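Below are the chains, spelled out letter by letter.
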Amino acid sequence: MPSFCGSLQLRFFLVSLQGSPTLENKTPTNINRYKTIKMTDQVKIKSALISVYAKEGIAEIAHKLISSGIQIFSTGGTYDFLIKNGIPATSVESVTAYPAILGGRVKTLHPKIFGGILWRRELLTDINDVEKYEIPSIDLIIADLYPFEKTASSTDIEQEILEKIDIGGISLIRAAAKNFTHVVVIPSADFYFELKQILGDNNGITNISLRRHLATCAFNISSHYDTAIFNYFNRNEKIHAFKQSILEWYPLRYGENPHQSGMFYGDLKQVFQQLNGKELSYNNLVDVDAAINLMNEFPDPTVAIIKHTNPCGVASRSTLKEAYVDALACDPVSAFGGIIIANRPVLKEAANELNKLFFEIVIAEEYENDALELLKSKKNRIILRRNSMRFPEWQFKTILNGVLAQEKDLHSEQAIDFQHVTTNKPIPSEIEELIFANKIVKHLKSNTITLVKNRQLIGCGMGQTSRVDALRQAIVKARAFGFDTEGAIMASDAFFPFADCVEIAHEAGISVVLQPGGSIRDSDSVKFCNEHQMSMVFTGIRHFKH
């Protein structure tokens, strides 16, 4: 039989303070329905219920509970595990007089269990109920949840996924968290350390602040779990509700500026391993994201240099060293203090060139040992080894009093997508250049224009309020760093509302143009190109980026 010492001792305490309420007055009138006794905010744990999926670490915890004189109730596989390890426990079935049913789907869902968690120790009516129905008091819940997210990500068999939707565990956690005034909740193995401190340093005594903190953590876990389940079911239903939840977090030194606080929510270890350097900042992470998204576009050996999320140098070559040298040549001024990303392992010869420049971060899939040691010569230089992973296909942005959500711009046009709208048609080598230029223009801030030659970015204008200004900026920058724009390829992120851009391009010697098309005055630009032997293609896809 379970011990009822918790409720009986409280009953004795009540009698000594209030007189002798008996079972006959267990149904009070409305006036004294919520009559209470004075309680201290400090509670000593006398009984615990353990129900966990993951057994690692639970034997040590259970031994500490027993050595502290705390009675243990347990269920199913957890009960068997404890008994096998020589730890005395009382089965939930012996308390409820009901076995686990439905293949273990129902074990703890019983009034004697949830009453023992939820009863309010200071409320006379609750005290009478637990006495009348012989409900054992439960002061501590140790539970975790079935691994729903892990299962959903590792199989497409829906029945296996559905069986990992926890019912009993999450109910125990929520009940204990709701009644934190009296009950301690340990909602996952991540909190075993705190429990060891409670049992050791505090002799099993907790205060209201700690219990509220653990309750908050419990609701954090349960709400995350429910969000994951909803999002799984909503893949096809498409119920419009913004539900995202990330438990992992990463403190940042500050936000975009030193006077702003900042935090990253997510698991950066999935994305990369940091091999050297200082802590990543808010701006670093924004740039790393831009760099990785850009580099995902290029299959050939490519290096890109990013500054304030904009690529200021990109080149594809047969070796990484050549790609870096030509990427740097595009704009060596902007490259200072930037971020470098490569899609091939960094060898010593490439590292020798990289090491000549001051840059904040280098990102690559791998580094030759000698190259890594050379790059580590600057202690604050951040070196990231990129992992292979699939990123979410939706992105979010907080604005006003809500959130904007959209699919990521993952469309990359190929030759088959091009509509040839001029008499002159680009030759195959120019088609390849157009594809290269369009990949870059997609990742620059609008309004933007890119100029490309021989798979090398030679000039770009970005973030301009007019497309004409963006083009002029691209031409000026290209010439400033020694590039001849004669014969260059031009790409635009959006259509030309007038013929002025192709007129300026022609003056600069640009003969091949790519744009989405869609202006009511497209014919003006097409006419000018035909009159001046220029070739132009429409993609039908706009690539605004704000």
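Structure shown above.
From a predicted model like this one, the values you see are computed outputs, not experimental measurements.

**Student:** Sorry, what's going on with the overall build of the chain here?
**Tutor:** A count of helical and extended segments in the chain gives 20 helices and 23 strands. The C-alpha radius of gyration computed for the chain amounts to 33 Å, which surpasses the reference 24 Å derived for 546 residues by more than 25%, pointing to a less compact arrangement than a globule. Principal-axis analysis of the C-alpha atoms places the extent of the chain at approximately 105 × 55 × 45 Å. For the chain, with 546 residues in total, the buried portion stands at 48%. Pairs at least 24 apart in sequence give 57% of the contacts found in the chain among residues at least 6 apart.

**Student:** What should I look at first to understand the packing of aromatic side chains in this one?
**Tutor:** The geometry of an aromatic ring pair comes down to the distance between the two centres and the angle between the two planes. Inspection of every chain in the model, using the stated rule, returns 7 aromatic pairs. Both rings, one in Tyr53 and one in Tyr146, keep their centres 5.6 Å apart while their planes meet at 65°; by these two values the pair is edge-to-face. Note that Tyr53 is positioned in the loop between β2 (47–51) and α2 (58–67) and Tyr146 in the loop between β5 (140–143) and α7 (148–154), a separation of 93 residues in sequence. Take Tyr146: its relative accessible area is 26%, and that puts it in the partly exposed class. When the ring of Phe148 is compared with that of Tyr225, the centres are 6.3 Å apart and the planes differ by 70°; the resulting orientation is edge-to-face. Here Tyr225 lies in helix α11 (residues 208–237) and Phe148 lies in helix α7, a separation of 77 residues in the sequence. Here the two residues Phe148 and Tyr225 agree in accessibility, since each one is buried. For the cation-ring pair, Lys243 lies above Phe230, with the distance from its terminal atom to the ring centre recorded as 5.6 Å.

**Student:** In this structure, what is going on with the packing of α2 against helix α10 (residues 192–200)? I would like to understand it.
**Tutor:** Working note: a packed helix pair is described by the angle between its axes plus the distance between those axes. Two elements in contact, α2 and α10, have axes whose closest approach is 10 Å; the angle formed by their N-to-C orientations is 15°. When the axis of α2 is compared with that of α10, the two are roughly parallel. In the crossing of α2 with α10, the sense of the turn from one axis to the other is left-handed. Note on element contacts: α10 touches α2 through Tyr192, Leu195, Lys196 and Leu199, opposite Ile58, Glu60, Ile61, Lys64 and Leu65. In terms of residue class, the contact of α2 with α10 is built from 6 nonpolar, no polar and 3 charged.

**Student:** Any chance you could explain unusual backbone geometry here in plain terms?
**Tutor:** What is expected of a backbone is that most residues other than glycine have negative phi and most peptide bonds are trans. Across the junction of Ser446 and Asn447, the peptide omega takes the value -10°, indicating a cis bond. Counting through the fold element by element, Asn447 comes out in the loop between α17 (428–441) and β19 (449–453). The backbone of Asn203 shows a phi angle near 55°, a positive value even though the residue is not glycine. Turning to its location among the elements, Asn203 is positioned in the loop between α10 and β7 (205–206).

**Student:** Is there a simple way to think about the pairing of β2 in this case?
**Tutor:** Within a regular strand, side chains alternate between the sheet's two faces. Counting buried residues in β2 gives 5 out of 5 residues, a clear majority hidden from the surface. The two faces of β2 match: Ser47, Leu49 and Ser51 on one face and Ala48 and Ile50 on the other face are all buried. Pairing geometry for β2 and strand β3 (residues 71–74), over 4 bridges, is parallel. Bridge pairing links Ala48 to Ile72 in β3. On the question of chirality, the crossover connecting β2 to the parallel β3 by way of α2 is right-handed. For β2 and β5, the ladder comprises 4 bridges, and the chain directions are parallel. Paired with Ala48 across the two strands is Leu140, which belongs to β5.

**Student:** Explanation requested: the pattern of salt bridges in the structure shown.
**Tutor:** The tally for this structure, following the rule as stated, stands at 14 salt bridges. Among the salt bridges present, the one from Asp267 reaches Lys269, with a minimum N-O distance of 3.3 Å. Among the residues examined, Asp267 registers a relative accessible area of 24% and is labelled partly exposed. The partner of Lys477 in a salt bridge is Asp331, with the nearest N and O atoms 2.7 Å apart.

**Student:** What is the right way to look at a nonpolar patch on the surface in this model?
**Tutor:** A cluster of nonpolar residues, Phe242, Trp394, Phe396 and Val403, forms a patch on the protein surface that exposes about 400 Å² of accessible area. Following the sequence through the fold, Phe242 ends up in the loop between α11 and β8 (249–251).

**Student:** In this structure, what is going on with the sheet that holds β2? I would like to understand it.
**Tutor:** In a beta sheet, neighbouring strands pair by backbone hydrogen bonds and run either parallel or antiparallel. Pairing in this open sheet of 5 strands is parallel, and the strands run β4-β3-β2-β5-β6 from one edge to the other. With one partner strand each, in any of the chains shown, β4 (90–91) and β6 (184–186) form the two edges of the open sheet.

**Student:** What am I meant to see in the packing of helix α5 (residues 111–118) against helix α9 (residues 168–178) here?
**Tutor:** Two elements in contact, α5 and α9, have axes whose closest approach is 8 Å; the angle formed by their N-to-C orientations is 30°. Comparing the axis directions of α5 and α9 gives the class roughly parallel. Here Ile113, Phe114, Ile117 and Leu118 of α5 come into contact with α9, specifically with Ser171, Leu172, Ala175, Ala176 and Lys178. Grouping the constituent residues of the contact of α5 with α9 by class yields 7 nonpolar, 1 polar and 1 charged.

Here is what the cut-offs are and how they apply
Residues numbered from 1 in each chain as written. Predicted model: local features only at pLDDT ≥ 70, side-chain atom pairs only at ≥ 80, totals over all residues. Heavy atoms only, no water. Helix = DSSP H or I, 4+ residues; strand = E, 2+ residues; numbered from the N terminus. Rg over C-alpha atoms; globule rule 2.2 N^0.38 Å. Buried < 20%, exposed > 50% of the residue type's maximum accessible area, 1.4 Å probe, protein only. Contact = heavy atoms within 4.5 Å. Phe/Tyr/Trp six-rings, centres within 6.5 Å; stacked < 30°, edge-to-face > 60°. Lys NZ or Arg CZ within 6 Å of the ring centre and 35° of its normal. Axes fitted to C-alpha atoms, helices over the stretch in contact; angles between N-to-C directions. Parallel < 35°, antiparallel > 145°, perpendicular 65-115°, else oblique. Left-handed = near helix turned anticlockwise from the far one by under 90°. Nonpolar A, V, L, I, M, F, W, Y, C, P; charged D, E, K, R; others polar. Pairing = 2+ DSSP bridges. Right-handed = clockwise from strand over helix to strand, strands pointing away. Salt bridge = Lys/Arg side-chain N within 4 Å of Asp/Glu carboxyl O. Patch = residues over 30% accessible without salt bridge, like charges linked within 9 Å, V, L, I, M, F, W, Y side chains within 5 Å. Areas by Shrake-Rupley, 256 points an atom, 1.4 Å probe, with all protein chains shown as cover.

Any functional reading would require information that these geometric values do not contain.
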